[in-house]
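Notes for the structure review
Here is what each chain is made of, one letter per residue.
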Amino acid sequence: MPVSLSTAASLYDRVRRVIPPIEWPAFTDDIDAILALKRERNAVVLAHNYQTPEIFHCVADIVGDSLALARRAMSTEADIIVLAGVHFMAETAKLLNPDKTVLIPDLDAGCSLADSITASDVRLMRQRYPGVPVVTYVNTSAAVKAESDICCTSGNALAVVESLGAPRVIMLPDEYLARNIAAQTKIEIIAWKGHCEVHERFTPADIRELRQAYPNVTVLAHPECPPEVVAEADFAGSTAAMSDYVGRHRPARVVLMTECSMSDNVAVEHPEVDFVRPCNLCPHMKRITLANIRAALEQNRHVVTVDAEVAGPARLAVERMLAV
């Protein structure tokens with residue numbers, strides 16, 4: 001049953017500051033269909049903070065960063081989970097919900113970090129550093145997670161590293177996240193050379209130019225940015241932490257050094273804040289659209305599976321993270 005006109009109007013009222021009126025009619029048919037399909041199939045849509053506003057604010061049931069999606073996926077009573085994000089997130093949702101159907105709208109929604117390391121790379125690191133625990137960022141394949149002792153997100157990485165009680169820790173695969181965590185702890189961090197193709201493009205010069213162009217702007221940076229960028233920022237944290245910062249401090253003007261859609265999604269919640277948008281788009285996140293979310297629900301595509309031999313140890317690494 002299509003959404004009512006009053007419901008459609010209320011949805012647009014929510015996003016009118018970030019979606020021009022001329023664009024809205026192109027979204028309404030898919031939104032109507034997705035809302036109806038979710039009811040018919042007992043399905044939920046999980047959307048990462050980097051999804052576009054028409055997905056994040058109009059069809060998603062659970063939104064947030066990687067940690068929030070991982071935690072809340074476990075509590076859903078839906079039969080079907082549609083992951084509006086990238087492939088490793090869908091795998092993680094499947095690990096935590098082995099009896100549910102998990103769909104990803106586009107199989108090519110990958111991640112430069114996940115592609116930067118393999119399970120055999122982790123095994124070689126263990127050989128090189130025997131006895132040193134391995135902390136693996138959730139931005140990795142299930143096969144890599146299965147070779148790890150524990151996972152982490154950008155939001156809990158420091159707590160995870162310090163929970164191990166070890167003087168040295170291998171932290172994979174994001175080099176910049178590892179270096180930024182190393183600056184906050186006495187624990188020796190052994191890093192890998194993986195980078196996020198969005199965050200590695202930000203530079204300290206970008207921040208200085210923004211401060212010159214927008215005096216008194218507050219700069220928030222994601223810890224996947226190079227340490228030199230984090231050092232220039234007023235605050236560094238996960239996407240959830242950046243959103244919380246804006247909500248707590250209500251800066252008059254703010255810039256988020258992260259994926260472009262994040263600013264739009266936070267701006268919806270805080271109309272009184274002026275958001276400056278240095279727009280670095282994630283090509284993988286942008287493969288997810290209303291149209292392919294609808295197709296996923298209509299055609300039951302694409303079903304995410306994890307090999308049983310991989311799923312057990314990978315799930316344990318994620319569950320250890322969630323217990324910290």
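Parameters at a glance
Residues numbered from 1 in each chain as written. Predicted model: local features only at pLDDT ≥ 70, side-chain atom pairs only at ≥ 80, totals over all residues. Heavy atoms only, no water. Core = buried A, V, L, I, M, F, W, Y, C linked by side-chain atoms within 4.5 Å. Buried < 20%, exposed > 50% of the residue type's maximum accessible area, 1.4 Å probe, protein only. Contact = heavy atoms within 4.5 Å. Helix = DSSP H or I, 4+ residues; strand = E, 2+ residues; numbered from the N terminus. 1 Å grid on protein atoms, 1.4 Å probe; cavity = no way out; pocket = protein on both sides within 12 Å on 5 of 7 lines; lining within 4 Å. Points joined across faces, edges and corners; volume = space filled by probe spheres on them. Nonpolar A, V, L, I, M, F, W, Y, C, P; charged D, E, K, R; others polar. Pairing = 2+ DSSP bridges. Axes fitted to C-alpha atoms, helices over the stretch in contact; angles between N-to-C directions. Right-handed = clockwise from strand over helix to strand, strands pointing away. Arc of directions from axis to C-beta.

1. Thoughts on the nonpolar core
Residues Trp24, Ile31, Met171, Leu256 and Met321 are the most contacted members of the largest nonpolar core, which totals 94 residues. Residues contacting leucine 256, with those up to four places away along its chain left out, are Leu220, Met242, Val246, Met262, Ser263, Val266, Phe275, Val276 and Pro278. If you look at the next biggest cluster of nonpolar residues, it comprises 13 residues, including Phe202, Val219, Ala221 and Val276.

2. Considering unusual backbone geometry
For the peptide bond that leads from leucine 172 to proline 173, omega is -10°, which places it in the cis range. With respect to the element layout, proline 173 can be found in the loop between strand S7 (168-172) and helix H9 (175-182). Notably, asparagine 300 is not glycine yet its phi reads approximately 55°, a positive angle. By secondary structure assignment, the location of asparagine 300 is in the loop between helix H14 (290-299) and helix H15 (308-323). Taking relative accessible area as the criterion, asparagine 300 reaches 31% and is therefore assigned partly exposed.

3. A few points about empty space enclosed by the protein
Tallied over the full model, the rule gives two cavities of 30 Å³ or more. What the largest cavity holds in volume is close to 260 Å³. Contributing to the lining of the largest cavity are 27 residues, with His48, Tyr50, Met89, Asn139 and Glu224 lying nearest its centre. Looking at the lining of the largest cavity, the elements with two or more residues in it are helix H4 (66-73) and helix H5 (87-96). Looking at the lining of the largest cavity residue by residue, the classes come out as twelve nonpolar, eleven polar and four charged. Considering only enclosed or pocket space, the second largest cavity measures out at about 90 Å³ in volume. Along its surface, the second largest cavity is lined by Leu46, Ser66, Leu69, Ala70, Ala73, Leu83, Phe88, Met89, Thr92, Ala93 and Val138. Residues belonging to the lining of the second largest cavity are distributed by class as follows: nine nonpolar, two polar and no charged.

4. Description of the sheet that holds strand S11 (residues 253-257)
Spatial ordering of the open sheet is given by S10-S9-S11-S12, a layout of four strands whose pairing is parallel. Where the open sheet ends on each side, the last strands, each with one partner, are strand S10 (235-236) and strand S12 (274-276). Here S11 runs beside S12; their pairing, made up of three bridges, is parallel. Note on S12: the bridge partner recorded for valine 255 is valine 276. Across the sheet, helix H10 (residues 204-213) is in contact with strand S9 (218-221), S11 and S12; its angle to S11 comes to roughly 165°.

5. A look at the sheet that holds strand S1 (residues 43-48)
Think of a sheet as strands paired side by side through backbone hydrogen bonds, with each pair either parallel or antiparallel. One open sheet accounts for four strands, arranged S2-S1-S3-S4; its pairing is parallel. Looking at the sheet topology across the chains shown, the edges are occupied by strand S2 (62-64) and strand S4 (101-103). Along the sheet, successive strands turn relative to each other by an average axial angle of 20°, direction set aside.

6. What about the pairing of S11?
A regular strand places its side chains so that they alternate between the two faces of the sheet. In terms of residue burial, S11 counts as a mostly covered element, since four of its five residues are buried. By the bridge criterion, four bridges tie S9 to S11 in an arrangement that is parallel. Bridge pairing links leucine 220 to leucine 256 in S11. In this region the chain leaves S11, passes through helix H13 (residues 260-269) and returns to the parallel neighbour S12; the handedness of that crossover is right-handed.

7. Quick word on the side chain of asparagine 292
By the element assignment, asparagine 292 lies in helix H14. Assessed through its relative accessible area of 11%, asparagine 292 is described here as buried.

8. Notes on the side chain of histidine 48
For histidine 48, the location among the structural elements is in strand S1. Excluding residues within four positions of it along the chain, histidine 48 makes contact with Phe56, Gly64, Asp65, Ser66, Leu69, Ala84, Met89 and Met285.

9. Let's talk about the pairing of S1
The buried fraction of S1 is high, at six of six residues. The alternating pattern of S1 places Ala43, Val45 and Ala47 and Val44, Leu46 and His48 on opposite faces, both of which are buried. Note that S1 and strand S3 (residues 80-84) share five bridges and pair parallel. Looking at S3, one finds that leucine 46 is bridged to leucine 83.

10. Some details on helix H6 (residues 119-128)
Residues spaced three or four apart along an α-helix face the same direction, because each turn holds 3.6 residues. Among all positions of H6, only Ala119, Asp121, Val122 and Met125 are buried. Mapping the buried residues of H6 onto a view down its axis gives an arc of 160°, with all of them on the same face. In H6, those exposed residues whose orientation departs by more than 90 degrees from the buried face are Leu124, Gln127 and Arg128. The secondary structure elements touched by the buried residues of H6 are strand S5 (134-137), helix H7 (142-146), S7 and strand S8 (188-191).

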